[in-house]
Amino acid sequence: MASTPALKRSDSIADTMPDALRQSRYHMKKCFARFVGNGKRLMKPQHIMEEIEKSIEDGNEKSKVLRGLLGYILSSTQEAAVVPPHVAFSVRPNPGFSEFVKVNADDLAVDGISVTEYLKFKEMIYDENWANDENALEIDFGAIDFSSPRMTLPSSIGNGLNFILKLISSRLNASSSDYAKPLLDYLLALNHHGQNLMINETMDSVEKLETSLIRAQSFVSALPKNTPFLNFEQRLKDMGFEKGWGDTAERVGERMRTLSEVLQAPDCVKLESFFSSLPNTFNIVIFSPHGYFGQSDVLGLPDTGGQVVYILDQVRALEEELLLRIKQQGLAVKPQILVVTRLIPDSRGTKCNVELEAIVNTKHSHILRVPFRTDKGILRHWVSRFDIYPYLETFVQDATAKILEHMDCKPDLIIGNYSDGNLVASLMAAKLGITQGTIAHALEKTKYEDSDAKWKEFDTKYHFSCQFTADLISMNSTDFVITSTFQEIAGGKDRPGQYESHTAFTMPGLCRVVSGIDVFDPKFNIAAPGADQSVYFPNSEKQKRFTKFHPSIEQMVYSKEENDEHKGFLADKKKPIIFSMARLDKVKNLSGLVEWFGKNKRLRNLVNLVIVGGFFDPSKSKDREEIAEIIKLHALVKEYQLNGQFRWIAAQTDRYRNGELYRCIADTKGAFVQPALYEAFGLTVIEAMNCGLPSFATNQGGPAEIIVDGVSGFHIDPNNGEESSNKIADFFERCRADGEYWKKISAAGLQRIYACYTWKIYANKMLNMGSTYGFWRQLRKEPKLAKQSYIHMFYSLLFRTLARTVPVPSDGYEPVPMPK
Ligand code: UDP
Ligand code: LCN
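What counts as what
- Residues numbered from 1 in each chain as written.
- Chains lettered and ligands numbered in written order.
- Predicted model: local features only at pLDDT ≥ 70, side-chain atom pairs only at ≥ 80, totals over all residues.
- Heavy atoms only, no water.
- Near = heavy atom within 4 Å.
- Polar contact = N/O pair within 3.5 Å; in protein donor to acceptor, adjacent residues only side chain to side chain.
- Areas by Shrake-Rupley, 256 points an atom, 1.4 Å probe, with all protein chains shown as cover.
- Nonpolar A, V, L, I, M, F, W, Y, C, P; charged D, E, K, R; others polar.
- Domains from an automatic or database assignment.
- Buried < 20%, exposed > 50% of the residue type's maximum accessible area, 1.4 Å probe, protein only.
- Helix = DSSP H or I, 4+ residues; strand = E, 2+ residues; numbered from the N terminus.
- Pairing = 2+ DSSP bridges.
- Axes fitted to C-alpha atoms, helices over the stretch in contact; angles between N-to-C directions.
- Parallel < 35°, antiparallel > 145°, perpendicular 65-115°, else oblique.
- Left-handed = near helix turned anticlockwise from the far one by under 90°.
- Contact = heavy atoms within 4.5 Å.
- 1 Å grid on protein atoms, 1.4 Å probe; cavity = no way out; pocket = protein on both sides within 12 Å on 5 of 7 lines; lining within 4 Å.
- Sits in = over half its atoms within 2 Å of the grid points.
- Salt bridge = Lys/Arg side-chain N within 4 Å of Asp/Glu carboxyl O.

1. Thoughts on the site of ligand 2
The immediate surroundings of ligand 2 are formed by Gly-306, Gln-307, Tyr-310, His-441, Ala-442, Glu-679, Ala-680, Phe-681, Gly-682 and Leu-683. At a separation of 2.3 Å, an oxygen atom of ligand 2 approaches a polar side-chain atom of Glu-679. Residue Gly-682 places a main-chain N or O atom 2.9 Å away from an oxygen atom belonging to ligand 2. Coverage of ligand 2 by the protein chains reaches 92% of its 290 Å² of free accessible surface. Of the residues contributing to the shell around ligand 2, the split by class is five nonpolar, four polar and one charged. Residue assignment places the shell around ligand 2 across two domains, with domain 3 (283-449 + 472-486 + 762-805) and domain 4 (542-757) each supplying three or more.

2. A look at the pairing of strand β12 (residues 365-371)
Among the seven residues in β12, six count as buried, and that is most of the element. When strand β10 (residues 336-343) meets β12, the two strands line up parallel, connected through seven bridges. Following the sheet pairing, Arg-342 is matched in β12 by Val-370. Inspection of the sheet shows strand β11 (residues 356-358) paired to β12 by three bridges, in the antiparallel sense. Looking at β12, one finds that Leu-356 is bridged to Leu-368.

3. Topic: the packing of helix α17 (residues 418-432) against helix α19 (residues 464-477)
Interhelical geometry of α17 versus α19 gives an angle of 50 degrees and a closest axis separation of 8 Å. One element, α17, and the other, α19, form an angle in the oblique class. Here α17 and α19 pass one another in a crossing that is left-handed. Contact residues: Tyr-418, Ser-419, Asn-422, Leu-423 and Ser-426 in α17; Gln-467, Ala-470, Asp-471, Ile-473, Ser-474 and Ser-477 in α19. Among the residues making up the contact of α17 with α19, the classes are represented as four nonpolar, six polar and one charged.

4. As for the site of ligand 1
Around ligand 1 there are 20 residues in total, and Gly-306, Arg-583, Lys-588, Gln-652 and Glu-687 lie nearest to it. Within the side chain of Asn-658, one N or O atom sits 3.1 Å away from an oxygen atom of ligand 1. Comparing atom positions with the cavity grids shows ligand 1 to sit within the largest cavity. The set of elements that each furnish at least two residues to the shell around ligand 1 consists of α15 (306-328), α25 (655-667) and α26 (683-690). Classifying every residue of the shell around ligand 1 gives eight nonpolar, eight polar and four charged. Taken domain by domain, the shell around ligand 1 gets at least three of its residues from each of domain 3 (283-449 + 472-486 + 762-805) and domain 4 (542-757).

5. Focus on the sheet that holds strand β5 (residues 110-112)
Hydrogen bonds between backbone atoms are what pair the strands of a sheet, whose relative direction is either parallel or antiparallel. Strand order in the open sheet formed by five strands is β1-β2-β3-β4-β5, and the pairing between neighbours is antiparallel. What marks the edges here is a single partner per strand, and that holds for β1 (41-43) and β5. Averaged over all pairs of adjacent strands, the angle between their axes in this sheet comes to 25 degrees, without regard to strand direction. Direction of pairing for strand β3 (residues 86-94) relative to strand β4 (residues 97-104): antiparallel, over a ladder of seven bridges. Pairing of Asn-94 across the sheet is with Phe-97, part of β4. The sheet contacts of helix α3 (residues 45-55) involve β1, β2 (77-83) and β3, and relative to β1 the element is tilted by about 90 degrees.

6. Notes on unusual backbone geometry
Glycine aside, a negative phi is what most residues show, and trans is what most peptide bonds show. Between Pro-84 and the following residue, Pro-85, the backbone shows a cis peptide bond with an omega angle of 5 degrees. With respect to the element layout, Pro-85 can be found in the loop between β2 and β3. Phi at His-441 takes a positive value of approximately 65 degrees, unusual for a residue other than glycine. Turning to its location among the elements, His-441 is positioned in the loop between β16 (435-439) and α18 (455-462). His-441 gets classed as buried once you look at its relative accessible area, which sits at 16%. The backbone phi angle of Asn-589 is positive, close to 60 degrees, even though this residue is not glycine. One can find Asn-589 in the loop between β22 (577-581) and α22 (590-599).

7. Observations concerning the domain arrangement of the protein chain
Annotation of the protein chain at the domain level lists domain 1 (13-136), domain 2 (174-265), domain 3 (283-449 + 472-486 + 762-805) and domain 4 (542-757). The C-alpha centroid of domain 4 is placed 41 Å from the C-alpha centroid of domain 1.

8. Let's talk about the environment of Ile-517
Looking at where Ile-517 falls in the secondary structure, it is placed in the loop between β19 (511-515) and β20 (524-526). Accessibility expressed as a relative area gives 5% for Ile-517, which makes it buried. Counting along the chain gives 105 residues from Ile-517 to Lys-622, while the straight-line C-alpha distance between them is 35 Å. Apart from residues no more than four positions distant in its own chain, Ile-517 is found in contact with Met-475, Asn-476, Tyr-499, His-502, Thr-503 and Phe-524.

9. Notes on the pattern of salt bridges
According to the stated counting rule, one finds 55 salt bridges in the structure shown. As a salt-bridge pair, Arg-41 and Glu-51 come within 2.8 Å of each other at their nearest N and O atoms. Remark: Glu-51 occurs in helix α3 and Arg-41 occurs in strand β1; sequence separation between them is ten residues. Residue Arg-41 shares its accessibility class with Glu-51, and that shared class is buried. Among the charged side chains, a network of salt bridges with common partners joins Lys-44, Glu-79, Lys-122, Asp-450 and Lys-454.

Dropping the structure here:
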């Protein structure tokens, strides 16, 4: 078989395409005539393939063309903007790399074009005047960021921390002690509430630090290893050292040796160990303004899903790691983590109207809620995450005041979540000069086809103009970005990453982004979340099971009665259950799963289907997508006569019972199915796998990385229901034939989780990022300030104007309380 031709990185498309076209000139002339035959349009890969199918009738010829270099180029094409006589191609030969060429359909002449030229071609389709406007607004973060170091290897994408450690170590290595001066200054600035940590001002040169370290090491090494720091604190102070080195003589000695080595001959491992031991993080602010952010009775509400679960688990893991680090630093500091969210007076029975709430299973962490305020007063009710932009500027002002009051100092690290939280985090971090990290969970841009080029169509409903602008601001202002998977950054072979899709795009009539973000920027890091293993553990761990929930779960899944909690019934209780649980968003595709099940007789004979999501009366929902999905589900139940084989359970808010529900499904030897059209990460997938459930999850997005197909679970194609439902049916047939198969997949799923998806690994990575990027931003103060002013201009001139166009309700406010 002929091997697939691949382009070397040195081969440009513009160089190779003319030859490739020449080789199939006759067919290509026909193809290009078809491409341009319908006038201006944006062609997607499937359209390109359809046209090729139609143009080359002879099957042999067609496969010859498609097997060759030309086929490779066309199959790497993301889209093509047709503006007769030209077709402009955006080709993505590898994740993170794009190239642009234009082909003249008349003579097949090929020219390489710049990203700006490509975007202009695209704009010609939607808004010709804008495309031709020489002064159209062009955004180019690359131009302002030209001096920032970049990684080059695709394999290093998402491993930015390592790259930064290498850069720091090469700077420190550059022999002259000038290079170590910033490190000395950084250590001198470390303090807690004004009290010096690590070293004091007597340590006024790098040489002095080096010699003092040698003296101090020789002193501590003579002490018994377990001698508490307090016993020799004064002696170290006399040598210029302060608290923070360690709790025992042994640890202090080790850490001093590490710093000596770092000053002498730094490398990444030593540097990481050094930064992870520094007492520089005690107070963390985590922003998550939208949704109902609470600890109980909130999950399953619109906009309130995995992000809340993620943050609460993250806080617990971070606090645990901080407490351990602080103890080992020999300090008695209480760390504070504040999750800052919106206070919603109309809280629908949740605690979202309470200002301060301690976080369960933590010692010092809280949720702080700050209301949305406008000149009409305090907004009482929930607003969709898509409509949230007009409130954010005032929110950040009010929240900053409350945070400083609560913490009694500036935080050391600010983390944002999702577009709204990241924007707020950027504004606060810039104002106070604090290290910032961002987490998107999901960027909306890739979820909706052509959401950028067709932004005008979407804007009244989704306000993507605000959202994408906000995302660009925070991606560019943050010091580091935490992602859950590689694909979130740079996608896979066929699909660009969520961040990658912000590299270059256009919103005709608004702005042309020629350089939005670079996926080779070392700010990107992958740190995957876990699931709380005290809640989600295997069904085989019988003694730990939450048996008290069994009667209510039995009722919820199997009772014949229909009420506000469940609809439909399961006639045959012996069948395994395939189970899914999600918010009732369109993209979650629960209705797709119900339809696949309805259509697949073989699957219906093998298993029952149970889903958890939304509720049954559309008039009770305020969420546009949820209403449409509810209506669709009712229609599908009727159309496919699902009664007796399908149970629909309303959204569930108790995670302990949910954990037990997954396990009860596993008891039936069932499976979990995650059918989303696109899933950024997919916490339900790791929850199910933790409970020992074999899982089938969408190949579109994060789950494709979580599961190794056929080993620790299965990938399914949400756009091919027939294939997916057959894959599930095959599994259950195989389980019938082979009693061990179910157990094998279940065990491999658990193995995968324990190796890669735990909160302990996450917390350690994240605190190391906070510490290292905190130092890195000091090293790059000037370029950072320059970029900050560009971002500020972008915010003031564009974002603010756009946010003002989002309607705010005319009523539903309460008065702002008088200051105390
Ligand atoms: N969830 C829940 N009840 C529901 C639906 C979802 O408790 O009715 C929980 C689910 O267990 C998971 C989270 O919400 O912890 C959903 O996270 P995921 O990452 O799967 O999706 P997201 O909603 O964040 O898009
Ligand atoms: C948002 C999503 O859409 C999910 O895919 C993630 O699992 C969740 O946030 C937590 O990060």
